[in-house]
Amino acid sequence: MTNYHGAIFDLDGVLVDTARYHYLAWKQLAEQLTIPFSAEDNERLKGVSRVKSLDILLSLGNKHYTEKEREHFMEQKNKVYVHYIEQMDETEILPGVVELLKQLKHKNIKIALGSASKNSGIILKKTGLRHYFDAIVDGNDVSRAKPDPEVFLLGAKKLGIPAGQCMVFEDAKAGIAAAKHAGMLAIGVGTKSNLPNADRLVESLEEIELSEL
Ligand code: B16
Ligand code: MG
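Not measured: the values here are computed from a predicted model.

Engineer: Explain the coordination of the magnesium ion (ligand 2) to me, please; I cannot follow it from the model alone.
Structural biologist: Six octahedral donors at a metal ideally form angles of 90 or 180 degrees, and four tetrahedral donors ideally form angles of 109.5 degrees. Taken together, the protein ligands of the magnesium ion (ligand 2) are Asp 10 (OD), Asp 12 (O) and Asp 171 (OD), with distances of 2.0 to 2.2 Å. Taken in sequence order, the residues that donate to the magnesium ion (ligand 2) follow the motif D-x1-D-x158-D. Of the two residues, Asp 10 is situated in the loop between strand S1 (6-9) and helix H1 (19-32) and Asp 171 in the loop between strand S4 (166-170) and helix H8 (173-181); the sequence distance between them amounts to 161 residues. Judged by its relative accessible area of 4%, Asp 10 falls in the buried class. Given a relative accessible area of 17%, Asp 171 falls into the buried group.

Structure follows, in structure tokens:
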């Protein structure tokens, strides 16, 4: 039996693979601004806030813009991204996700979302995952981005579970750092080279055995 009473999930890269849509949308902006931007560069944007993502993209082209122009670029990118995610459905849920959410419910473990995205509402609705969650915390609720623990601490608070009794599922280095700063069990979904500081590591949520946590 697990000692954890709360489970907090990152969204992009853990529940669904939206990184490719972020990539396509940023790539369109990069082309417009004549900035070279590869799939490898896109790895640096995973788990990072929208503002920080734009910073990284512009730094790749050594470009500088006013605050107003930057706001405009972010809006433009988001429009393209939202267009993609509006086409999503339940077939885009990653392997093992639904089974794990059902197991957690069965064991009476509370479930929260802890995502940097401001678009989590659309994604949860389109994929039909919303009803599994007891609390939602996303980019609309927090002011400090991961690796700051704010998003996960607020998730635990909304669930009414002490931070030390929460486990976090994350695919980004900054997210693992945020979970550890929050004093939670940090379960990495990825590889040792990407997530060297995770407390536990799985390649996919299919591998999770709740009784071993
Ligand atoms: P949006 P997560 C993050 O979501 C993504 O991994 C990251 O690539 C993205 O820039 C960020 O959300 C903000 O997303 O532009 O939709 O608000 O991994 O924390 O669920
Ligand atoms: Mg992520």
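Anyway, onward from the coordinates.
Engineer: Mind showing me how you'd approach the site of ligand 1 here?
Structural biologist: Around ligand 1 sit 19 residues in total, of which Val 48, Ser 115, Ala 116, Lys 118 and Asn 119 are the nearest. Within the backbone of Gly 47, one N or O atom sits 2.8 Å away from an oxygen atom of ligand 1. Contact distances for ligand 1 include 2.6 Å between an oxygen atom and a backbone N or O atom of Lys 118. Out of a free accessible area of 460 Å², ligand 1 has 97% covered by protein chains.

Engineer: Explain a negative patch on the surface to me, please; I cannot follow it from the model alone.
Structural biologist: A surface patch of negative charge is lined by Glu 99, Glu 203, Glu 206 and Glu 207. Tracing the chain through its elements places Glu 99 in helix H5 (residues 97-106). Here Glu 99 falls in the partly exposed class, since its relative accessible area comes to 49%.

Engineer: Before we go on, may I ask you to explain the domain arrangement of the protein in this structure?
Structural biologist: When the parts of a complex come together, some accessible area is lost, and that lost area is often taken as the interface size. Each assigned domain of the protein is listed here: domain 1 (6-16 + 91-212) and domain 2 (19-85). Using C-alpha coordinates to define each centre, domain 1 is positioned 24 Å away from domain 2. For the pairing of domain 1 and domain 2, the buried interface totals around 890 Å² over both sides, and the portion due to carbon and sulfur atoms is 52%. Put simply, domain 1 and domain 2 have one salt bridge between them. Between Arg 20 and Glu 92 there is a salt bridge, with its nearest N and O atoms 2.9 Å apart. Linking domain 1 with domain 2 are four residue pairs in polar contact (both at pLDDT 80 or more). Looking at the side of domain 1 that touches domain 2 residue by residue, the classes come out as five nonpolar, one polar and six charged.

Procedures and definitions
- One numbering rule holds for all chains: residues counted from 1, following each sequence as written.
- For this description, chains carry letters from A and ligands carry numbers from 1, given in the order in which they are written.
- For this predicted model, a pLDDT threshold of at least 70 governs which residues receive local features, and a threshold of 80 or more governs which side-chain atom pairs are given and counted, while totals over whole chains, interfaces and linings are taken from all residues.
- Water and hydrogen atoms were dropped before computing side-chain values, which therefore reflect all heavy atoms in the structure.
- Water is not among the atoms examined, so metal sites may look incomplete; donors are the N, O and S atoms within 2.8 Å of the metal, or within 3.2 Å for Na, K and Ca.
- Only runs of H or I of at least four residues qualify as helices and only runs of E of at least two qualify as strands under DSSP, and these elements are numbered from the N terminus.
- Each residue's exposure class comes from its accessible area (1.4 Å probe, protein chains only) as a fraction of the maximum for that residue type: buried when under 20%, exposed when over 50%, partly exposed otherwise.
- Proximity is defined per residue: any heavy atom of the residue falling within 4 Å of a molecule or strand makes that residue near it.
- A 3.5 Å cut-off defines polar contacts: any pair of N or O atoms within that distance qualifies, except that in protein one atom must be a possible hydrogen donor and the other a possible acceptor, and neighbouring residues in sequence count only when both atoms are side-chain atoms.
- Surface accessibility follows the Shrake-Rupley procedure with a 1.4 Å probe radius. Residue values consider only the protein chains on display as shielding.
- Exposure above 30% relative accessible area and the absence of a salt bridge qualify a residue for a patch, where like charges join within 9 Å and nonpolar side chains (Val, Leu, Ile, Met, Phe, Trp, Tyr) within 5 Å.
- Each reported salt bridge corresponds to a side-chain nitrogen of Lys or Arg within 4 Å of a carboxyl oxygen of Asp or Glu.
- Counting rule applied: Lys, Arg positive; Asp, Glu negative; His and chain ends not counted.
- Note that the charge is assigned to NZ on lysines, CZ on arginines, CG on aspartates and CD on glutamates.
- Start and end positions for the domains come from either an automated domain assignment or a database one.
- Joining two parts hides part of their accessible area as seen by a 1.4 Å probe, and the buried area is that hidden amount summed over both.
- Three classes are used, and their members are as follows: Ala, Val, Leu, Ile, Met, Phe, Trp, Tyr, Cys and Pro are nonpolar, Asp, Glu, Lys and Arg are charged, and the others, Gly among them, are polar.

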